[in-house]
Amino acid sequence: MAQAMSDAEDRLLCADEPIAGLQRRCGGDLPGTIAVPELLELVRKARRYGFKLARAIAAHDGDEAITAWIEVQPRPDGEPGCEIVLRNWRAAPLPAEDEAEAQARRTAIDHHVAELSARLDAGQRLLAVTCESAELASLATAMEAGLGHVWTDFLPLADTTHHQPLHWRLLDGARVAIEGSARDWRVALIPQGHPGFDPAGFELLLLSDAPASAIAAQPAPARDPDLDQRLVGQDLAPILRQPIARIIANAETIRTRLAGPLNDAYAEYAGEIANAGKLLLDLLDDLSDLEVVESAHFHTAPDRIDLADVARQAAGILGVRAREKAIRIEAPQPDETLPAIAEFRRVLQILLNLVGNAIRYAPEGSRIWVRLEGAGDRARVIVADQGPGLSEAEQAMVFEKFERLGRSGDGGSGLGLYISRSLARAMGGDLTVESAKGHGARFILDVPADRAD
């Protein structure tokens, strides 16, 4: 009956009637991101998997309930995107809908268009995060590293000066600020549990009032010459990340009994599934980073930063994990400062790895020190722990690729320190270790100092 064409970002480029009319009545533009949730999902899958899909979809345009048979396949001209063919179309007046049904429908729509979702406990603390938006990748990474923190620590409220704790009904629909994004954002909080009782937890959805097409017109970043050679970061990671993240989120929902009472043994099984999923996501991240740092064209974006501020942020993000082992992290004092020339994001990545390793291997009840040191034209951050320490032979091996020093079962990939040292050297610095068996370890991140003053 009709045809349409989409691009690599799942935007509807052109469409015959009645597809074009449905797109507009559902709040979309032409060209613009596909506004029919089930059609958008079908197009995404056909584009990602590279083969033809056919399915009956349902849509509401405000006046009628529409069912249609849609066939979607990769564009025959070889361009990224899909060809959409409408084979059947039926429309019927919408039946009367009560408020509960209307809310359920709005929630279903929010689920389809949300660009980030998270599972929260009853105290609105983060349990798991799922993100499909490249624009929000840095935010998702920070939230994943800060599991156990209240979600407003990462999504500050834009329209209120009040701080947590706030009742969840006051936060449902609240505007939030996202650093670096030109779009307006709001959150939807969906309570989990039995009606009539206090929520046992929440699902958080991050939604934008402006479609992703609003940023599509911005110039695309320069393409990395090595991009086509990256199998994990370019091809596998984006495909695997979403289903793994959903496994983690569902396992956390079961483990925390948000869906209802559960035998303790099964809750433990769900926790093991969630932990295995998190380790697999960490491995994907490590392999993606490995491809990046080993690229012949890899470079960092140095800026004027304060190493003390980065160190305090790393300690704060991992504070919850440290407290689970009764470990105390002594970070730089609020009045300490150490100017440096380096890329903020990469320095934070390195320090998260160093402090995370210290927490993993240090004994319960011990301390971790994050200290600053200026030495002429160099600026240093030192992460010291009271762990088992490293022998001279182990110190010589610890920065090698896939080296785990004989450890097994700790979930590490053996890539973290190799990647961290590669990042440090790309910024004109280095990462070294000082240790003795049985006396802890001191990892020293060295970067150029900011001597402008």
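Cut-offs applied
- Residues numbered from 1 in each chain as written.
- Predicted model: local features only at pLDDT ≥ 70, side-chain atom pairs only at ≥ 80, totals over all residues.
- Heavy atoms only, no water.
- Helix = DSSP H or I, 4+ residues; strand = E, 2+ residues; numbered from the N terminus.
- Buried < 20%, exposed > 50% of the residue type's maximum accessible area, 1.4 Å probe, protein only.
- Contact = heavy atoms within 4.5 Å.
- Areas by Shrake-Rupley, 256 points an atom, 1.4 Å probe, with all protein chains shown as cover.
- Pairing = 2+ DSSP bridges.
- Polar contact = N/O pair within 3.5 Å; in protein donor to acceptor, adjacent residues only side chain to side chain.
- Core = buried A, V, L, I, M, F, W, Y, C linked by side-chain atoms within 4.5 Å.
- Axes fitted to C-alpha atoms, helices over the stretch in contact; angles between N-to-C directions.
- Parallel < 35°, antiparallel > 145°, perpendicular 65-115°, else oblique.
- Left-handed = near helix turned anticlockwise from the far one by under 90°.
- Nonpolar A, V, L, I, M, F, W, Y, C, P; charged D, E, K, R; others polar.
- Salt bridge = Lys/Arg side-chain N within 4 Å of Asp/Glu carboxyl O.

Visitor: Just checking my understanding: could you explain the overall build of the protein for this structure?
Guide: Counting its secondary structure elements, the protein contains 13 helices and 18 strands. Relative to its full complement of 453 residues, the protein shows a buried share of 44%. Taking the intrachain contacts of the protein between residues at least 6 apart in sequence as the baseline, contacts between residues at least 24 apart amount to 59%. When the accessible area of the protein is evaluated, it comes to approximately 23500 Å², of which 52% is carbon and sulfur surface.

Visitor: Could you clarify how one ought to interpret the sheet that holds strand E9 (residues 175-176) in this entry?
Guide: Strands belonging to one sheet form pairs held by backbone hydrogen bonds; the direction of such a pair is parallel or antiparallel. One open sheet accounts for 5 strands, arranged E8-E7-E11-E10-E9; its pairing is antiparallel. This sheet does not close on itself; its edge strands, each paired only once, are strand E8 (126-131) and E9. Relative to strand E11 (residues 201-208), strand E7 (residues 116-121) runs antiparallel, the two being bridged by 6 bridges. Each residue of the ladder has a partner; that of Ala118, found in E11, is Leu204.

Visitor: Sorry, what's going on with the pairing of strand E1 (residues 2-6) here?
Guide: A one-sided burial pattern is seen for E1, the buried positions being Ala2, Ala4 and Ser6 and the unburied ones Gln3 and Met5. Two elements, E1 and strand E6 (residues 82-93), share 4 bridges in a ladder whose sense is antiparallel. If you follow Met5 over to E6, its bridge partner there is Glu83. Strand direction decides the pairing type here: E1 and strand E2 (residues 11-15), joined by 3 bridges, are antiparallel.

Visitor: Explain the side chain of Ser208 to me, please; I cannot follow it from the model alone.
Guide: When you line up the elements, Ser208 lands in strand E11. At 3.1 Å, the side chain of Ser208 and the backbone oxygen of Asp184 are in polar contact. For Ser208, the contacting residues outside a window of four places in its chain are Glu115, Arg183, Asp184 and Trp185.

Visitor: Help me understand the environment of Ala108 in this model?
Guide: With respect to the secondary-structure elements, Ala108 resides in helix H3 (residues 99-113). Note on Ala108: relative accessible area 36%, which makes it partly exposed.

Visitor: Is there a simple way to think about the nonpolar core in this case?
Guide: Where a protein is soluble and globular, its nonpolar side chains tend to be buried together. By size, the foremost hydrophobic cluster in this structure holds 49 residues, and its most contacted members are Leu307, Val347 and Leu351. A per-element tally of this core places helix H11 (residues 344-361) first, with 8 residues. Beyond its immediate stretch of four places on either side in the chain, Leu351 contacts Val310, Ala311, Ala314, Gly356, Val381, Val383 and Leu445. Counting 26 residues, the second largest nonpolar core, distinct from the first, contains Leu126, Ala140, Phe154 and Val176.

Visitor: Teacher, can you tell me more about the packing of helix H9 (residues 307-317) against H11 here?
Guide: Close contact between H9 and H11 brings their axes to 9 Å; oriented N to C, the two are set at 45°. Comparing their axes, H11 and H9 come out oblique. Considering how the two elements wind past one another, H9 and H11 form a crossing that is right-handed. Facing Leu307, Asp309, Val310, Ala311, Gln313, Ala314 and Ile317 of H9, the residues of H11 in contact are Phe344, Val347, Leu348, Leu351 and Leu352. Across the contact of H9 with H11, the residue classes tally to 10 nonpolar, 1 polar and 1 charged.

Visitor: Please clarify how the pattern of salt bridges should be interpreted in this entry.
Guide: Inspection of the entire model under this criterion finds 20 salt bridges. Residues Arg183 and Glu115 are paired through a salt bridge, measuring 2.9 Å at the closest nitrogen-oxygen approach. One end of the pair, Arg183, is in the loop between E9 and strand E10 (185-192); the other, Glu115, is in the loop between H3 and E7, with 68 residues separating them in the sequence. The two residues Arg183 and Glu115 agree in class, both being buried. Between Asp446 and Arg378 there is a salt bridge, with its nearest N and O atoms 2.8 Å apart. One end of the pair, Asp446, is in strand E18 (residues 441-448); the other, Arg378, is in strand E16 (residues 378-385), and 68 residues separate them in sequence. Its relative accessible area of 12% is what places Asp446 among the buried residues. A relative accessible area of 21% means that Arg378 is categorised as partly exposed.

Visitor: Is there a simple way to think about the pairing of E8 in this case?
Guide: Two faces, one strand: in a regular strand the side chains alternate between the faces of the sheet. Most of E8 sits out of view: 6 of its 6 residues are buried. The turn linking E7 back onto E8 is made up of 4 residues, and Gln124 within it adopts a positive phi angle of 65°.

Read these as spatial facts, not as claims about activity.
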